[in-house]
Each structure stands twice: as structure tokens, then as C-alpha cells.
Amino acid sequence: MDYLKQCNIGFIGGGNMGTAICEALVRKGVRYSQIYVSGPHEDKLESWKKKGAHVSIGNGKVAEEADIIFLAVKPHILAAAVANIYDTLDTPSKAANKLFVSILAGVKLESLENILSRLEGSRVIRVMPNTPMMVGEGCSVYCPGQQATDFDTVLVKTILELSGICQLVPESMIDAVGGLAGSGPAFIYLIIEAMSDGGVKMGIPRTMATSFAAQTVLGAARMVLETEKHTGVLKDEVCSPGGTTITGIHALETGGVRVAIMNAIEAATKKSEELGHKK
Ligand SMILES: NC(=O)C1=CN([C@@H]2O[C@H](COP(=O)(O)OP(=O)(O)OC[C@H]3O[C@@H](n4cnc5c(N)ncnc54)[C@H](O)[C@@H]3O)[C@@H](O)[C@H]2O)C=CC1
Ligand SMILES: O=C(O)[C@@H]1CCC=N1
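Residues numbered from 1 in each chain as written. Chains lettered and ligands numbered in written order. Predicted model: local features only at pLDDT ≥ 70, side-chain atom pairs only at ≥ 80, totals over all residues.

With that out of the way, let us pick up the overall build of the protein. Broken down by element type, the protein carries 14 helices and eight strands. For the protein, the proportion of its 279 residues judged to be buried stands at 35%. The long-range fraction of contacts in the protein, counting pairs at least 24 apart against all pairs at least 6 apart in sequence, stands at 68%. (Helix = DSSP H or I, 4+ residues; strand = E, 2+ residues; numbered from the N terminus. Buried ≥ 20, exposed ≤ 12 C-beta atoms within 10 Å, placed from the backbone. Contact = placed C-beta atoms within 7 Å.)

So this is what it looks like as C-alpha cells:
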């Protein structure tokens, strides 16, 4: 953490996920004066600027000033975004200090290393974070590239663990983690919204229904993590024989909820693999 408070941290792309990672860092004591962010649109950088980050339109400044550089653009933008920094890091001595951290869905280490090969001596780590990092409840994984040092790996794990859990996984698992945990928050928002709709249908005011739904999801998640009981056991503890819950479970099973959720994670994983095959 000491190093994190001294180094400069860059974001090539300051959108939803870049913002979530930055917020996680700032909550733990990194200063906005250490943050460098770039993007093509001045208006989208305004909120970063107001908080005290250094903003720039081209990506060269971020590459030059930051020690750790998050690649946080959409996957199809990557090559253009990196090409934009070749002129800045034009000697091995400038590139050698740089650690790139890719959060891009689908893009493999091999492609990242190819794209960054002109920046001799640079290193890369592929990670898959999720937006709840913003509120201290992230779920991230990482996989180091060939040139990454032990220090780089510990550093990236430290950053991601500032805000939730983070585990090392083989690269072959990252697309599936993206489908489960990267995309997962959106699946859960949909479920919370549907629970809220159900509550409203049965007469609960909307604000109350949404907060009850969200707290119920939070409470159930903590029960799974803190009791370490099997989810089936926890479910059974809520279902009284002939009661309300098992009646609701029957309705869910009739609607194919398990299959729908499994299909969603399979589809998201396959989409991530597909993104990795596009150049
Ligand atoms: N949003 C999420 O929940 C997660 C996203 N990711 C990955 O994070 C990456 C970014 O996703 P989001 O933040 O959601 O997208 P976003 O669209 O919110 O942010 C992307 C940012 O890149 C900027 N940008 C566009 N062209 C650029 C260029 N040439 N140079 C520099 N910046 C440029 C855009 O102005 C925008 O601010 C994606 O590759 C995605 O796969 C990974 C995990 C979760
Ligand atoms: O939807 C996407 O492609 C990104 C990757 C994981 C979450 N959001």
C-alpha cells in the first residue's frame, strides 16, 4: 500500500469500470493528484478533472506519467488506444517501467503482449473486475503475463483486494468469470428490479419495494458467505412445509429461473470468448 500512495496510476479510458477502480483506490487513500486519465471526449473527463485527476485527450500523457496503466477502453478500441502511446514511450528505458493492467473482456494475454510488444520491457497483467468495486464489494480475478514480476502481481492483487475479493486464476477461466462476476451485477439488478416490481404489484410503494429487494439480496449473499452453509440448506431453512416460500419456489421453477440464469452466464462467457477472437 505504501508504494500505491507514491506511484502514479493511469486509466486509458475513464468510463464505468475505470471510475469504479479509481473510486476504490481513492477510498483507501490514493490521492486524485496521483491519477492520470485519458479519453477522446473532454466532457466525459470533466467529472475526473473536478475531483483533481490529471486529464488528457490523447493517451500519451497517461503513458508517460503513470507507473501502472489500466487499459479500460472497449475491446475493439484497444489497438487504436495503444497506438496512440507508441510515440511517447519510444525508448526501452521509458517503456521498461510500465505495468499495463487490462480489464478488457475477452482480450487474451497473447494479444495484449503482441499489441504491447513495441513497448519493449513493458509488462501486462490481465484482470476481470466488476463494478461493485466502487462500493467496496468487488469480485475480481487476475492472470499475469509472461513478463510480469512477482512485485507486479502482488501490486495488482493488492489494488483489487482494496475493494472486495480477488483471486489468481488460469487465463482459460477468465471469460467464464467475466460471464459470472463481470456481467453478474447486471443480472442481479434485473432480479432486484423484478422483485421490486412484484412488491409493487402486491401493494408496496416503489422506493420501499426496491430497498427491501436490495437488502434481501445483500442479506442472502452474506448468509452464503458468512455461514458457509450449502445454498440448498439455506433455502430449506426458509421453506416451511406447505408454506409461502415453497409456493413461491414452485412458481420460480415453473418459470425456469435456474435455466435462465445458467443460460445467461453461458451466453456472456461465449460472447467474451468471441470478443477475444476478433482482432
Ligand atoms: N462495465 C463493467 O461492468 C465491466 C467492464 N469491463 C471492461 O472494461 C472496459 C471498459 O468498459 P466500461 O468502463 O464499461 O466502458 P465505458 O464505455 O463506460 O468506458 C470506456 C471509456 O473509454 C473511452 N475511450 C474511447 N475511445 C478511447 C481511446 N481511443 N482512448 C482512450 N479512451 C477511449 C470512452 O470515452 C469511455 O469513457 C471494457 O473493455 C469492458 O470489457 C470489465 C469488467 C466489468
Ligand atoms: O458487458 C461487457 O462486455 C463488460 C464485460 C463484463 C461486464 N461488462
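With that out of the way, let us pick up the site of ligand 1. Contacts to ligand 1 come from 28 residues, most closely from Gly-13, Gly-15, Met-17, Leu-104 and Ala-105. At three residues, helix α2 (residues 16-27) tops the list of elements feeding residues into the shell around ligand 1. Counted by class, the shell around ligand 1 contains 14 nonpolar, twelve polar and two charged residues. (Near = placed C-beta within 6 Å. Nonpolar A, V, L, I, M, F, W, Y, C, P; charged D, E, K, R; others polar.)

This paragraph deals with helix α11 (residues 206-227). Along its 22 residues, α11 runs 31 Å from first to last C-alpha, staying within 8% of the 32 Å computed at 1.5 Å per residue. Little of α11 sits out of view: just two of its 22 residues are buried. (Expected span 1.5 Å × (residues − 1).)

This paragraph deals with the UniProt feature "binding site: NADPH" (unreviewed entry) in the protein. According to UniProt, the feature "binding site: NADPH" (unreviewed entry) maps to Asn-59 in the numbering used here. Tracing the chain through its elements places Asn-59 in the loop between β3 (54-56) and α4 (60-65). If we skip the residues at most four places from it in the chain, Asn-59 touches Ile-12, Ser-38, Ala-81, Asn-84 and Ile-85. (UniProt positions renumbered as here; feature names shortened; annotations may be inferred.)

A separate point is unusual backbone geometry. Notably, Glu-228 is not glycine yet its phi reads approximately 60 degrees, a positive angle. Here Glu-228 lies in the loop between α11 and α12 (231-238). A tally of 7 C-beta atoms within 10 Å means that Glu-228 is categorised as exposed.

Lining the immediate environment of ligand 2, one finds Ala-105, Gly-178, Gly-182 and Ser-183. Of the residues belonging to the shell around ligand 2, the class tally is one nonpolar, three polar and no charged.

This next bit is on the domain arrangement of the protein. Along its sequence, the protein is carved into domain 1 (2-172) and domain 2 (184-276). In this complex, domain 1 contributes eight residues to the contact, which on the side of domain 2 involves six residues. (Domains from an automatic or database assignment.)

All right, on to the UniProt feature "domain: Pyrroline-5-carboxylate reductase catalytic N-terminal" (unreviewed entry) in the protein then. The UniProt record marks residues 9-106 with the feature "domain: Pyrroline-5-carboxylate reductase catalytic N-terminal" (unreviewed entry), using the residue numbering of this structure. As annotated, residues 9-106 has a helix share of 39% and a strand share of 19%, and its two end C-alpha atoms lie 23 Å apart.

Further remarks concern the environment of Leu-112. Its place among the elements puts Leu-112 in helix α7 (residues 109-115). Exposure remark for Leu-112: the 21 C-beta atoms within 10 Å place this residue in the buried category. Leu-112 sits 108 residues away from Ala-220 along the chain, and the two C-alpha atoms are 38 Å apart. When neighbours within four sequence positions are excluded, Leu-112 is seen to be in contact with Ser-102, Val-107, Val-124, Arg-126 and Gly-145.

What follows covers the environment of Ser-56. Here Ser-56 is to be found in strand β3. Measuring from C-alpha to C-alpha, the distance between Ser-56 and Pro-40 comes to 8.4 Å, with 16 residues separating the pair along the chain. When residues no more than four places from it in sequence are discounted, the contact partners of Ser-56 are Ser-38, Lys-61 and Val-62.

Spatially, eight strands are ordered β3-β2-β1-β4-β5-β6-β7-β8 in an open sheet, and the strand pairing comes out mixed. Where the open sheet ends on each side, the last strands, each with one partner, are β3 and β8 (164-168). This sheet shows a mean twist of 20 degrees between the axes of neighbouring strands, independent of strand direction. Looking at chain direction, strand β7 (residues 138-144) and β8 are connected through five bridges and run parallel. Within β8, the residue paired with Tyr-142 across the bridge is Leu-168. Against the sheet, α2 contacts β1 (9-12), β2 (35-38), β4 (68-71) and β7, and its axis sits at roughly 165 degrees relative to β1. (Pairing = 2+ DSSP bridges. Axes fitted to C-alpha atoms, helices over the stretch in contact; angles between N-to-C directions.)

Turning our attention to the pairing of β7. Counted residue by residue, β7 has seven buried out of seven residues, so it is predominantly covered. Side-chain alternation along β7 places Gly-138, Ser-140, Tyr-142 and Pro-144 on one buried face and Cys-139, Val-141 and Cys-143 on a second face that is also buried. Here strand β6 (residues 123-128) pairs with β7 via four bridges, running antiparallel. The residue of β7 that forms the bridge with Arg-126 is Cys-143. Chirality of the crossover, the property in question, places the unit of β7, helix α8 (residues 150-161) and β8 among those that are right-handed. (Right-handed = clockwise from strand over helix to strand, strands pointing away.)

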